[in-house]
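# Remarks on the overall topology
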Amino acid sequence: MQKTILCVDDTIKRILSVGLFLSSIWTFSQNANESLADYLKNADTILLTSHEDLRLDMESPGKSRTIYRDLLKNGVPNNEIIINKVILTPDSRQKLIQIIKDQKSIKGWDGSFCFEPHNTLFIYKENQWKNIELCFGCKQYGHSKDVPVNREEFLHSYHDWLNLEAFFREHGVQWEVPKKKRSETD
């Protein structure tokens with residue numbers, strides 16, 4: 001009888017150990033950026049764009065000034081500066097969400113810091129446009145204050161940046177350095 005009780009106790013301990021082990025795997029294998037992924041999943045519209053410089057340095061003889069242009073104008077994406085834009089389909093949205101969820105929280109990527117964003121992820125939710133502005137040149141980003149970006153997890157590696165940039169390119173909204181017009185003498 002005592003041997004049976006010991007056997008049951010060992011079985012219960014093993015079951016509890018396996019349960020604890022499995023729950024720890026689940027806890028540590030949750031997707032990165034879960035809050036941002038949920039935010040995107042529940043958005044009404046997601047718009048990918050490429051756009052002109054936000055900062056313009058205007059120079060004329062003896063005088064210079066800087067003009068700053070906003071991504072949002074009167075609460076909507078500023079069409080005056082947008083070059084290309086694509087509204088994501090449900091399938092494309094899911095692919096974007098998966099790219100964000102698959103990012104790994106590793107030692108951070110420290111790119112240079114020119115931060116001249118030319119791509120933006122606009123998110124329309126609860127009757128408001130929010131955004132995440134991206135500089136694929138220096139691998140830095142900025143975002144609207146209410147977008148739930150976890151700075152410990154979002155775009156933390158060079159690989160994450162390449163995946164997101166490839167997604168923008170697939171949708172034809174990559175920013176290219178404008179080519180100078182050739183003159184007839186070239």
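These remarks concern the structure in this document. (Residues numbered from 1 in each chain as written. Predicted model: local features only at pLDDT ≥ 70, side-chain atom pairs only at ≥ 80, totals over all residues. Heavy atoms only, no water.)

### Quick word on the side chain of Glu-133
Structurally, Glu-133 can be placed in strand E8 (residues 128–135). Among buried Asp, Glu, Lys and Arg side chains, Glu-133 stands out as unpaired, with Arg-151 the closest opposite charge at 9.8 Å. Contacts of Glu-133, omitting those with residues within four sequence positions, involve Leu-54, Leu-71, Phe-115, Pro-117, Asn-119, Thr-120, Gln-140, Tyr-141 and Gly-142. (Helix = DSSP H or I, 4+ residues; strand = E, 2+ residues; numbered from the N terminus. Buried < 20%, exposed > 50% of the residue type's maximum accessible area, 1.4 Å probe, protein only. Lys, Arg positive; Asp, Glu negative; His and termini not counted. Salt bridge = Lys/Arg side-chain N within 4 Å of Asp/Glu carboxyl O. Contact = heavy atoms within 4.5 Å.)

### Quick look at the side chain of Asp-160
Assignment of secondary structure puts Asp-160 in helix H4 (residues 158–170). With relative accessibility at 4%, the residue Asp-160 sits in the buried group. Asp-160 has contacts with Gln-103, Lys-104 and Leu-155, leaving out every residue within four places of it along the chain.

### Considerations on the pattern of salt bridges
Applying the stated criterion across every chain, the model contains 7 salt bridges. A salt bridge links Glu-165 to Lys-139; the shortest N-O distance between them is 4.0 Å. With Glu-165 in helix H4 and Lys-139 in the loop between E8 and strand E9 (140–143), this residue pair connects regions lying 26 residues apart in the sequence. In this structure, Glu-165 and Lys-139 share a single accessibility class: buried. The structure contains a network of salt bridges with shared partners spanning Lys-139, Glu-165 and Arg-169.

### Notes on the packing of aromatic side chains
Tallied over the entire structure, the rule returns 6 aromatic pairs. Between the aromatic rings of Tyr-124 and Trp-129, the centroid separation amounts to 4.9 Å while the plane-to-plane angle is 50 degrees, which identifies the pairing as tilted. For the pair Tyr-141 and Phe-154, a centre-to-centre distance of 4.9 Å together with 85 degrees between the ring planes defines the contact as edge-to-face. In this pair, Tyr-141 sits in strand E9 while Phe-154 sits in the loop between E9 and H4, placing the two residues 13 residues apart along the sequence. (Phe/Tyr/Trp six-rings, centres within 6.5 Å; stacked < 30°, edge-to-face > 60°.)

### Details of the state of the cysteines
On inspection of all chains with the given rule, the structure shows 0 disulfides. Its sulfur unpaired, Cys-135 is 3.5 Å from the next cysteine sulfur, which belongs to Cys-138. (Disulfide = S-S within 2.5 Å.)

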